[in-house]
Amino acid sequence: MPPAANRYRPAICESVGMESDELPPRPHVAVVGGGVAGLTAAWELTGRLGDRVDVTVYEGSPVPGGKLRVSEVAGIPVDEGAESMLARRPEGVELAKSLGLGDDLVEPGTTRAAIWAGGGLHPMPSGHVMGVPADAAAVAATGLLSAESVARIEGEDRLPPDPLDGDVAVGPYVAGRLGGEVVDRLVEPLLGGVYAGRADVLSLRATLPQLVPGLEETGSLVGAARAVTVRAPVAAGPVFTSVSGGMGRFGAVLAERCGARVRTSAMVRELRRTQSGWALTVGPARAPERVLADAVVVAVPARPASRLLADAVPAAARELAAIEYASMVLVTFAFPAAAFPSPPAGSGYLVPASEGRVTKAATFITTKWPHTARDGLVVVRCSLGRHGDERRLQEDDATLARQAAVELADAVGVRGEPVDARVTRWGGALPQYAVGHLDRIDRVTAALAGEPTLAVCGAAYRGVGVPACIGTAREAADRVAVALGHTGESTHGSRRQAGT
């Protein structure tokens, strides 16, 4: 369970605001946003600067942790947001170990997923990169695609090369070489699962960066995917990991141990330059508080970040305002095991948008994460919502839960009522990396170059997963530490690996 909100109340009373422009004796760094990025930035700053600086995290909601949140369903702790993180990108695992959670990292029991299409479940083919196939035979074995599509995959590397020049949308590029069915039944569901986005809008360079070197060199999609899968280490361990008790526990421990004051229910509404630093307006309009800081890390989504930066860095604000977001709803059920005709065998399934379902993915929590299993119960988490599909999410919780339950029954044959259910809404949860996204982020970085004591981090920039957010937070903390004249190593211990 997440920590109670009042656990953080003492910090709310420790105001560092002042009524004049005189700054406190020690530098004060304000971190705006108490999700994983903001809390990591605070952790990095306190590790590097120690008692030479005061760090305060301002979080608008009652509890820190952002999308790392856990609560019980039928007595089982189940994440309400992210339920895992990439293990092969090191930042998340490194931070967990530094926080003392290394022994609590858990591996999935299975990562075998399926695609629900054409009225049935088809196993996800092996050897693909975000749905772009590397092996025609593996795709053929699933029965997911027509013989014509399999033949196109098999012969794609004999087509005239189409080297990647600039940025393009994933869907049209893949369809041009492999056909629309590959996009519809493989690429779109994978992109939808990660970004809640649509293949005809999302940037190839931002969402499939692994393929870019091969595409620039050979212009063959299948060849680029094959090169990536061949390079993948055979014994690299699990692709994903989580924390015993849920990823929400990771966020709670980070908030407890980050070394900063964590002020909850403290919304930052305005950020302005002063002669000697920064002034933040915190709290409701009826009772605003003025807080001064020597440096600021903005770790909130792109739209609120844009509003905060509008006065100080208008060029960056304009770029961030253009980033769109997708909303989603997570419906989590606990069913009696007897309600299933047979126990779920894989980690879950993805649903192509063309199927017309409200559900875009389902995860068999107690199968994927065996440590959550309880006798006689099966927990399933259904993900609803894609970019541009917000109207369907305006139904009330009970209606969405019924729709998800009906679709789950169609997919896996579950019958009867769940013993418990939970509906979690995430409005504007996932940034959409549209064509040109990386160039946009480069322009944000360039606009901020003149403000060394101001940094940004989070999912809006160079990756939506937990490790990517941690990576941007480290960069933001490094920037601020250098601007404040401190270049030493962190006292939290070495967490960086070469090349990360």
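These notes cover the structure that comes with them. Owing to the predicted nature of the structure, the values given are computational and were not obtained by experimental measurement. (Residues numbered from 1 in each chain as written. Predicted model: local features only at pLDDT ≥ 70, side-chain atom pairs only at ≥ 80, totals over all residues. Heavy atoms only, no water.)

## Concerning the packing of aromatic side chains
For clarity, the threshold we go by: Centre distance within 6.5 Å is the pairing criterion for rings of Phe, Tyr and Trp, where only the six-membered ring of Trp is used; planes under 30 degrees apart are then read as stacked, over 60 as edge-to-face, and the remainder as tilted. Counting from the N terminus, the helices are the DSSP runs of H or I reaching at least four residues and the strands are the DSSP runs of E reaching at least two. Between buried and exposed lies partly exposed: a residue is buried under 20% and exposed over 50% of the maximum accessible area for its type, with that area taken using a 1.4 Å probe on protein chains only.
With the rule as written, the count across this model stands at five aromatic pairs. Ring plane angle 50° and centroid distance 5.6 Å describe the contact between Tyr195 and Tyr433, whose orientation is recorded as tilted. With Tyr195 in helix α7 (residues 180-195) and Tyr433 in the loop between β21 (420-431) and α16 (437-448), this residue pair connects regions lying 238 residues apart in the sequence. Judged by its relative accessible area of 6%, Tyr195 falls in the buried class. With 6.0 Å between their ring centres and 90° between their planes, Phe335 and Phe340 make a pair best called edge-to-face. You can call Phe335 buried: its relative accessible area is 2%. Among the aromatic residues, ring-to-ring pairing joins Trp116, Tyr349 and Phe364 into one connected group.

## Considerations on the environment of Ala252
By the element assignment, Ala252 lies in helix α11 (residues 247-257). Ala252 gets classed as buried once you look at its relative accessible area, which sits at 12%.

## Quick notes on the nonpolar core
Defined as follows: Note on terminology: a nonpolar core comprises buried Ala, Val, Leu, Ile, Met, Phe, Trp, Tyr and Cys residues joined through side-chain atoms within 4.5 Å. Residues count as neighbours in contact if any of their non-hydrogen atoms are within 4.5 Å of one another.
In terms of nonpolar packing, the biggest core is built from 43 residues, with Val36, Leu45, Val55, Phe250, Leu254 and Val297 touching the most fellow members. Secondary-structure elements contributing two or more residues to this core are β1 (28-32), α2 (36-49), β2 (54-58), α3 (91-98), α11, β16 (295-298) and α18 (466-483). When sequence neighbours within four positions are dropped, the list of residues in contact with Leu254 reads Val36, Leu39, Thr40, Trp43, Leu95 and Leu99. Core analysis: the second largest hydrophobic core is formed by 42 residues, Val132, Val182, Leu190 and Ala206 among them.

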